[in-house]
Each structure stands twice: as structure tokens, then as C-alpha cells.
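Read off the chains here:
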Amino acid sequence: MLADLLPEVSDAELEQFRQIMLTQYGLDFSGYAPASLKRRLGSVMKKYGLPTLALLNHRLLTQPEYIKYFINEITVSTTELFRDPPAWVALRLQALSFFSSLAEIRIWHVGASTGEEVLSMAILLQESNLYERAQIYATDIDEVSLEKAQSARYPIRLKRLYKQNFHQVFPTIPFEKYVQEEGNELVFDKTLLKNVRFLKHNIVTEAPFEEFEIILCRNLLIYFTPALQDLVVTKLVESLVTGGILMIGTKESLFWCTAAKRLAAINDVERIYRKRR
Ligand SMILES: C[S@@+](CC[C@H](N)C(=O)[O-])C[C@H]1O[C@@H](n2cnc3c(N)ncnc32)[C@H](O)[C@@H]1O
């Protein structure tokens, strides 16, 4: 069991880490919840056999080329195709039709990770005959994940789960309509990414994009302090058109967010909200 223990991180070392990230790389980690940030740092230190955060801080100061990979190591990239399938069913049945008469539908995935959420949306739009009108932005701070997202290729071990989730949303459509097996990989139809722009973007520190009909920011707020959740949700609500949809993770909440009063619930259980008129 001792081998499972992560190296400890003191508050002072954590503060030094935050300063380095801010001053050297312009990355603001002050609003990330300290407990989960310390855990992630501990697992990176363990991976490289670094007993103190000071050693990792030194590496970050002296090896700028490491930052791209470090961001991938420090962020949680867990995702799935049609993650939480009932939320996608709700989005399809209760929200997509609002936009069916528009010539253009702008969609933003904030914290898109390795792209499965984007592919889920693309399939949903395709099956609703809306894909050709969609302009999709997929953003993340993690370039390594975004590179994987653009390949639309995933390890074959994920097939069972992804197929199961897919069939919860589309019980009668064959999974193979969108996905092929190639050796050890599950390869998605690349035309699903035709209208997608993948961009490195930090929702905490950078100006948001604008005028979206749908914004998904799922399973990202959970890593932020309540104050940062409030700030980010305010930004996202500003980026929605009136009547636009915000979807957050099913385990997340708008409880701390002052901008919640500008949203009406479409489906509170599945965390789908609409910007009020
Ligand atoms: C747990 S994943 C969620 C993926 C997907 N949205 C889902 O629900 O399955 C969280 C993602 O947020 C990204 N992220 C963390 N901080 C971010 C920030 N400040 N700006 C943009 N993306 C961020 C991480 O790199 C990671 O890919």
C-alpha cells in the first residue's frame, strides 16, 4: 500500500508552483481546487521520482519545452463518447430543435480533451440533419489532448463502452455507421470533424469566443474553486446568444454562479440550461 502513496506537497511549495506557472507561462492555477491540484502534482512527481515539488518547480523553470507535456500530465483528460448518455438524449430531444430553423449553428466545447465529446455532438447533429449548418469550436489548454482529438483515433479497448453509450442514445443505428476498426484502433469517420476548429485556449485567462447557440463545458468546473466557477460561468453566459444552451457536467452545479439567474433549466437533472430573454 505504501507504494501507492503520493509525495506530499506543502502550501508554500504549491504557491511557488503557481507563481512559476503564472510568470513563466501565463497560466493561472490560483482558482484550481488545491486538494485535486496537489494530488495531480503528487502523481507527476511520483512518475518522475521527484520527492519534492521544489524539484518539479526547478524542472518547469529550466526546461520550457516540458510545459506542453506537463499540462497534459497535470490536467484530467478523462472523457467518453456520449459520456452520461441520458444527458445526450435530453439534449437531442429537448434542445436541438430550438435551432433547426437557423442557417448557422455555433457550438463551443470548452475543455474538449481528446475529442470524444465533439464526435458525440457531431453524430447528434448529423442524425438531426443539422451538421452542415454547424460551426464547432473545440478548445482546451492541453495541446497533447487536442492533437489526439484531431486524429479521431482511439484505443480499441474503448470500443465496448463507446458502443454501449452510442446505443443508449441511438438504439437502432449501427455503431459502424461512424466507426471502423483498424488494427488496435477505433477510427471515427473523419468527415465528422469537417466543421470543427480545434484551438488551444484557456477559459480562465483568455477572452471568450462569442455568439454561440450551444456551449458545452462539462466536467471542467469541478476542478475549480467556487469563485472561479462563478467567473467562468459568467463568461460562458456572456458568450451565448439569447436563447442559447449551456450544458455542464451532470455532477456539476451552478450553485455558486451569480449568472445562474440568467439561465432557465431545460433539464436540471441533465444540467441543460437556456439563456433567458
Ligand atoms: C475531465 S476533461 C472533460 C472532457 C469533456 N468535456 C467531458 O466532459 O468528457 C477536462 C478538460 O478540461 C481541460 N482544461 C483544464 N483547465 C482548462 C482551462 N483553464 N481552459 C480550458 N480547458 C481546460 C483539461 O485539459 C481537460 O481536457
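Keep in mind it's a predicted model, so treat the numbers as computed, not measured. (Residues numbered from 1 in each chain as written. Predicted model: local features only at pLDDT ≥ 70, side-chain atom pairs only at ≥ 80, totals over all residues. Heavy atoms only, no water.)

Engineer: Explanation requested: the overall build of the protein in the structure shown.
Structural biologist: Across its full length, the protein holds nine helices and 10 strands. Taking 19 Å as the expected radius of gyration for a compact globule of 277 residues, we find that the protein reaches 20 Å, a close match to that expectation. Overall, the protein is about 55 × 50 × 35 Å in size when its C-alpha atoms are taken along their principal axes. Evaluated residue by residue, the protein yields a buried proportion of 50% over its 277 residues. Accessible surface computed for the protein: about 13100 Å², of which carbon and sulfur atoms make up 53%. Positive and negative charge centroids in the protein, built from 33 and 33 side chains respectively, lie 3 Å apart. (Helix = DSSP H or I, 4+ residues; strand = E, 2+ residues; numbered from the N terminus. Rg over C-alpha atoms; globule rule 2.2 N^0.38 Å. Buried < 20%, exposed > 50% of the residue type's maximum accessible area, 1.4 Å probe, protein only. Areas by Shrake-Rupley, 256 points an atom, 1.4 Å probe, with all protein chains shown as cover. Lys, Arg positive; Asp, Glu negative; His and termini not counted. Charge placed at Lys NZ, Arg CZ, Asp CG, Glu CD.)

Engineer: Just checking my understanding: could you explain the site of the ligand for this structure?
Structural biologist: The environment of the ligand is formed by 19 residues, the closest being Y32, T79, D140, N202 and N219. At 2.9 Å from a nitrogen atom of the ligand is found a main-chain nitrogen or oxygen belonging to G111. Contact with the protein chains hides 98% of the accessible area of the ligand, taken as 610 Å² for the molecule alone. (Near = heavy atom within 4 Å. Polar contact = N/O pair within 3.5 Å; in protein donor to acceptor, adjacent residues only side chain to side chain.)

Engineer: Sorry if this is basic, but what is going on with the packing of aromatic side chains here?
Structural biologist: The geometry of an aromatic ring pair is captured by two quantities: the separation of the ring centres and the angle between the planes. Summed over all chains, the structure comprises 20 aromatic pairs. Pairing F166 with F170 gives two aromatic rings, centres 5.6 Å apart and planes at 45 degrees, and the pair type is tilted. Here F170 falls in the buried class, since its relative accessible area comes to 2%. Relative to F175, the ring of F166 lies with its centre 5.5 Å away and its plane at 70 degrees, an arrangement referred to as edge-to-face. Neither F166 nor F175 differs from the other in exposure class; each is buried. (Phe/Tyr/Trp six-rings, centres within 6.5 Å; stacked < 30°, edge-to-face > 60°.)

Engineer: So what exactly am I meant to see when it comes to the sheet that holds strand 4 (residues 179-182) here?
Structural biologist: Working definition: the strands of a sheet are paired by backbone hydrogen bonds and lie parallel or antiparallel to each other. If you trace the three strands from one edge of the open sheet to the other, you get 3-5-4, paired in antiparallel fashion. Two strands in the sheet have a free side with no partner beyond their single neighbour: strand 3 (153-155) and strand 4. The average angle at which neighbouring strand axes cross in this sheet is 30 degrees, direction not considered. (Pairing = 2+ DSSP bridges. Axes fitted to C-alpha atoms, helices over the stretch in contact; angles between N-to-C directions.)

Engineer: Would you mind going over unusual backbone geometry with me for this structure?
Structural biologist: Leaving glycine out, the prevailing phi sign among residues is negative, and the prevailing peptide bond configuration is trans. Positive phi, close to 55 degrees, is recorded for N129, a residue that is not glycine. With respect to the helices, strands and loops of the structure, N129 is situated in the loop between helix 6 (116-127) and strand 2 (134-140). Here the phi dihedral of A152 falls at roughly 55 degrees; this positive angle occurs in a residue that is not glycine. With respect to the helices and strands, the residue A152 is situated in the loop between helix 7 (143-151) and strand 3. Judged by relative accessible area, which is 0%, A152 ranks as buried.

Engineer: So what exactly am I meant to see when it comes to the domain arrangement of the protein here?
Structural biologist: Bring the parts together and some accessible area is lost; that lost area is often taken as the interface size. Taken domain by domain, the protein comprises domain 1 (2-74) and domain 2 (85-275). Using only C-alpha atoms to locate each centre, domain 1 and domain 2 end up separated by 29 Å. Taken together, the contacts link 11 residues of domain 1 with 13 residues of domain 2. A buried area of about 1100 Å², summed over both sides, lies between domain 1 and domain 2, and 60% of it is on carbon and sulfur atoms. Counting the surface domain 1 buries against domain 2, the share from its top three residues, Y32, K68 and N72, is 45%. Applying the counting rule to domain 1 against domain 2 returns one salt bridge. K68 is the salt-bridge partner of E147, the closest N and O atoms lying 2.9 Å from each other. (Domains from an automatic or database assignment. Contact = heavy atoms within 4.5 Å. Buried area = accessible area lost by both parts, 1.4 Å probe. Salt bridge = Lys/Arg side-chain N within 4 Å of Asp/Glu carboxyl O.)

Engineer: Please explain the side chain of E13 as it appears in this structure.
Structural biologist: You can see E13 is positioned in helix 1 (residues 11-25). One buried charged residue, E13, forms no salt bridge at all, with the nearest opposite charge on K38 at 8.2 Å.

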